[in-house]
Amino acid sequence: MKISVIGCGYLGAVHAAAMAQLGHEVIGVDVDASRIEALAAGQAPFFEPGFPEILRAALDSGKLRFALAPASEELADVDVHFIAVGTPQSEDGKAANLTYVNSAVDMVLKALPSSDTAAEAGRPVIVGKSTVPVGTASALAPRIEAAGATLLWNPEFLREGFAVADTLHPDRLVYGLPQDAERAKTGAAALEKVYAPLLAEGIPLIKTSYPTAELVKVAANSFLATKISFINAMAELCEATGGDVTELATAIGYDERIGNKFLKAGIGFGGGCLPKDIRAFQARAEELGVESAVSFLRDVDAINQRRRDRVVAQAIKIFDRKIENAKITVLGAAFKPNSDDIRDSPALEVALRLADAGAQVTITDPEALPGVATRYPQLITEADVLTALTGSDLVLLLTEWAEFVNIDPVQATELVGTARIIDGRNALDPCIWQGAGWSYAGLGR
């Protein structure tokens, strides 16, 4: 099939390359000329394991190409258009900014053939993948249908660091279909052709309404955020009582109703999805007059922010509040390992707050340093971990990259000025580090 992907950021670029790998003819379209140029040259504009390989393979096969928006001629004969643009948090509040979604839809509609031609051909189908407030698809559908096209909503469930696998082998597919039976049939048939290899694997398919499909994504993210904040709340109780949150998490994780995933206490979640999605969910619920239904998300967000406060306070206390000019090394800038994403990164926020307090902060990360150096010149960046540790008065492990977790504590002792570490991800063995002469502090243990 002929496919377009509108928006070639993290979601769109991975989706475009993956769809080409499935054998479709794909054109990726974006308003960012430098991004389009890089992708067309086979250069990934972000770090994602496995993506450079499928991007290069898709380009070499001739199945994938990129074009600068509006690319009207290239979009005119496409069978399925995927909308994969960002929905950032609005600057004036918590609500999602739908500017890019609306612009993408406008661009596609302007490129469509006449409505009569589209109706006769049974195409095109426009498929939303962006995370949007519930009700967005229903609001967009009338003008899309007036142009002779059909709208579906097909939310993405990508995890940064695993995006290629999550696209090619997802744990489920969700189709949000229009109420009109014929349009629903046309749209579902088109997506089933797109995803035929995935469906052949037996991947579960849920066909539902627009609102349910939109809610699936934000509900899933809200649940995961709640689970993370729950175990971090338990960490606070463990700190107050002498308990060990890692042992607590292990014990309750054996209950199959709970499970052990996302029960790792630390400095909390960040990135471009969970924080802004739970805030947008609250904003949309308030617009609908049912804000009390998700009022607990305020506490989820507050607990998450409080974990950052805890690490900052812990670091300042170590220096008896005399933190000015203290040499602090922060291991990690990205919000999670195997990513270069520094959006709402807990590690980066802690580093910045300590620098603002007067500390001399050196931050190291395998992939995220270029973004840090560009946006936050007040931080010292150092690519080499051992160099970053040299002369440090305090080390903070805030992103659990394997390179950091596997540091030899004996070797590190010889490099630092004072062997003190705050394990903000509870990723290290306290006995090993204490045995190597380190003053070790975890979170909730």
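Now for a description of the structure that goes with this document. (Residues numbered from 1 in each chain as written. Predicted model: local features only at pLDDT ≥ 70, side-chain atom pairs only at ≥ 80, totals over all residues. Heavy atoms only, no water.)

### Let's talk about the sheet that holds strand β14 (residues 439-441)
Whenever strands of a sheet pair, they do so through backbone hydrogen bonds, lying parallel or antiparallel.
Here is step 1 of the chain: With parallel pairing, six strands are arranged side by side in an open sheet as β11-β10-β9-β12-β13-β14. The sheet is open, and its two borders are formed by β11 (380-381) and β14, each paired with just one other strand.
Here is step 2 of the chain: Two elements, strand β9 (residues 327-331) and strand β12 (residues 394-397), share four bridges in a ladder whose sense is parallel. The partner of L331 across the bridge, within β12, is L397.
Here is step 3 of the chain: Seen against the sheet, helix α14 (residues 296-318) touches β12, β13 (420-423) and β14 and runs at an angle of roughly 165° to β13. (Pairing = 2+ DSSP bridges. Helix = DSSP H or I, 4+ residues; strand = E, 2+ residues; numbered from the N terminus. Contact = heavy atoms within 4.5 Å. Axes fitted to C-alpha atoms, helices over the stretch in contact; angles between N-to-C directions.)

### Description of helix α15 (residues 346-356)
Here is step 1 of the chain: Among the eleven residues of α15, eight are classified as buried, and the element is accordingly described as predominantly covered.
Here is step 2 of the chain: Of all the positions in α15, only P346, A347, L348, V350, A351, L352, L354 and A355 are classed as buried.
Here is step 3 of the chain: Buried positions along α15 lie against α14, β9, β10 (360-364), α16 (369-375) and β12.
Here is step 4 of the chain: Looking at the residues trailing α15, positive phi occurs at G358, about 110°. (Buried < 20%, exposed > 50% of the residue type's maximum accessible area, 1.4 Å probe, protein only.)

### Quick look at the pairing of β13
Here is step 1 of the chain: Sheet analysis places β12 next to β13, joined by three bridges and oriented parallel. From the neighbouring strand, L396 faces β13, where its bridge partner is I422.
Here is step 2 of the chain: Pairing between β13 and β14: three bridges, direction parallel. Counted as the bridge partner of R420 is S439 from β14.
Here is step 3 of the chain: Handedness of the β-α-β unit built from β13, helix α20 (residues 430-435) and β14 comes out right-handed. (Right-handed = clockwise from strand over helix to strand, strands pointing away.)

### Let's talk about the nonpolar core
Here is step 1 of the chain: Within the largest apolar cluster, 44 residues are counted, with the highest numbers of intra-cluster contacts made by F51, L64, F82 and Y195.
Here is step 2 of the chain: The leading source of residues in this core is helix α1 (residues 10-21), at nine residues.
Here is step 3 of the chain: Apart from residues lying up to four places away in sequence, Y195 is in contact with H15, M19, F82, K129, N154, L173 and Y175.
Here is step 4 of the chain: The next biggest cluster of nonpolar side chains, apart from the first, holds 33 residues, and it includes V312, I342, Y376 and L394. (Core = buried A, V, L, I, M, F, W, Y, C linked by side-chain atoms within 4.5 Å.)

### A word on the pairing of β9
Here is step 1 of the chain: The element β9 is largely enclosed, with a buried count of four among its five residues.
Here is step 2 of the chain: Note that β9 and β10 share five bridges and pair parallel. Opposite L331, over in β10, you have T364 as the bridge partner.
Here is step 3 of the chain: Running through α15, the crossover from β9 to the neighbouring parallel element β10 is right-handed.

### Description of the environment of K2
Here is step 1 of the chain: Topologically, K2 is positioned in strand β1 (residues 2-6).
Here is step 2 of the chain: The contact partners of K2, leaving out residues within four places of it in the chain, are E25, D77, V78, D79 and V80.

### Some details on the packing of aromatic side chains
Here is step 1 of the chain: Per the stated rule, a full pass over the model turns up five aromatic pairs.
Here is step 2 of the chain: Geometrically, the ring pair formed by F47 and W401 is tilted, given 6.3 Å between the ring centres and 45° between the ring planes. Linking F47 in the loop between α2 (33-40) and α3 (51-61) with W401 in the loop between β12 and α18 (402-405), this pair joins segments that are 354 residues apart in sequence.
Here is step 3 of the chain: Exposure remark for W401: the relative accessible area of 4% places this residue in the buried category.
Here is step 4 of the chain: Here the aromatic cluster, defined as three or more aromatic residues joined through ring pairs, consists of Y10, F46 and F51.
Here is step 5 of the chain: Over the face of the ring belonging to F162 we find R159, whose NZ or CZ atom lies 4.5 Å from the ring centre.
Here is step 6 of the chain: For the cation-ring pair, R172 lies above F157, with the distance from its terminal atom to the ring centre recorded as 3.6 Å. (Phe/Tyr/Trp six-rings, centres within 6.5 Å; stacked < 30°, edge-to-face > 60°. Lys NZ or Arg CZ within 6 Å of the ring centre and 35° of its normal.)

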